[in-house]
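Chains, contacts and geometry: an overview
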Amino acid sequence: MTDEQTNPSASRRKTVLAATAAVVVLGAIGIFFVLPAETGIDPTGFGETSGLSEMANPQAGEFLERGRNRKGTFTPTATPPEAEPGKTDHWTFELHPYQEIELKYVLDKDAPITFAWRADGPLNFDMHAHPFAGGEALTESYAVDKADRQSGRYVAPFAGIHGWHWQNRTMNTVKLTLDASGKITGSKLLDGRGEKDRELTPEPQ
């Protein structure tokens, strides 16, 4: 007669321990491997160091290379630049842990804007654009990084939508503020539930 037959509680403990260990292992696999590869969410940083995060958007490198080939499109500045003649926009948004948001401006070809955004915590961001003719397949990225601010002058290389994708990959809520000005003809928000038009909101004086 085995110990398990003489002591049923010991057998139950072994079963519970085995099930718990399996749950822990599956959870670790999800956090370290599945989330970075499938969604780009990388709470441990392992996805970035291992390259798994790139699997969530395998075209990101292609988009960035395409954008870097542009000359005179994006000029970064160390401090917020002077306002560009035209319309102005002031926008704030709170990103909860692992939340993401996109804001895009509708610009004609050669339309200039200046902008500055800042956040009270680090955000992963992708500054990119795609033309109306050709759509997202012709996306170009001009800056992909992790920071709490960015500013500069941008001249649209084509008629289309131009802006940023931000993701909060921390456990803290992060407040984001964007100011922009220039030849802006419209704006759109993309929040995971779809795309919607938004009104420009000049900063109150």
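Report on the accompanying structure. On a predicted model such as this, the values are computed, not experimentally measured, just so you know.

Some thoughts on unusual backbone geometry
Most of the time, phi is negative for any residue but glycine, and the peptide bond is trans. Although it is not a glycine, Tyr98 adopts a positive phi angle of roughly 65 degrees. Relative to the assigned elements, Tyr98 resides in the loop between β2 (87–95) and β3 (100–107). Positioned with a positive phi, Asp110 is a non-glycine residue whose angle comes to about 70 degrees. Looking at the secondary structure, you find Asp110 in the loop between β3 and β4 (112–131).

Focus: the pairing of β4
On any regular strand, side chains alternate: one points to one face of the sheet, the next to the other face. The buried fraction of β4 is high, at 17 of 20 residues. Here β4 runs beside strand β5 (residues 140–155); their pairing, made up of 14 bridges, is antiparallel. Opposite Phe115, over in β5, you have Gly152 as the bridge partner. Bridge count for β4 against strand β7 (residues 174–182) is seven bridges, and the pairing is antiparallel. Paired with Phe115 across the bridge in β7 is Ala180. Pairing of β4 with strand β6 (residues 160–167) involves eight bridges; the strand directions are antiparallel. Bridging from a neighbouring strand, Asp126 pairs with His165 of β6.

Observations concerning the packing of aromatic side chains
Scanning the entire structure with this criterion turns up nine aromatic pairs. Summarising the aromatic geometry, the rings of Tyr105 and Trp164 are spaced 6.3 Å apart at their centres and angled 90 degrees between planes, so their arrangement reads as edge-to-face. One end of the pair, Tyr105, is in strand β3; the other, Trp164, is in strand β6, and 59 residues separate them in sequence. Exposure remark for Tyr105: the relative accessible area of 0% places this residue in the buried category. One aromatic cluster in this structure is built from Phe74, Trp91, Phe93, Tyr105, Phe115, Trp117, Phe125, Trp164 and Trp166.

So, how was this worked out
- Per chain, residues are indexed from 1 in the order of the written sequence.
- Confidence filtering applies because this is a predicted model: local features only for residues at pLDDT of at least 70, side-chain atom pairs given and counted only at 80 or more, and all residues used for totals across whole chains, interfaces and linings.
- Where side-chain values are given, they derive from all heavy atoms of the structure, hydrogens and water being excluded.
- In this description a helix means any DSSP run of H or I spanning at least four residues, a strand means any run of E spanning at least two, and both kinds are numbered starting from the N terminus.
- Residue burial is assigned from relative accessible area. The probe radius is 1.4 Å, only protein chains are included, and a residue is buried under 20% of its type maximum, exposed over 50%, and partly exposed in between.
- A pair of strands is treated as paired once DSSP finds two or more bridges between them.
- Each Phe, Tyr or Trp ring (for Trp, its six-membered ring) is paired with any other whose centre lies within 6.5 Å, and the angle between the two planes then decides the class: stacked below 30 degrees, edge-to-face above 60, tilted in between.

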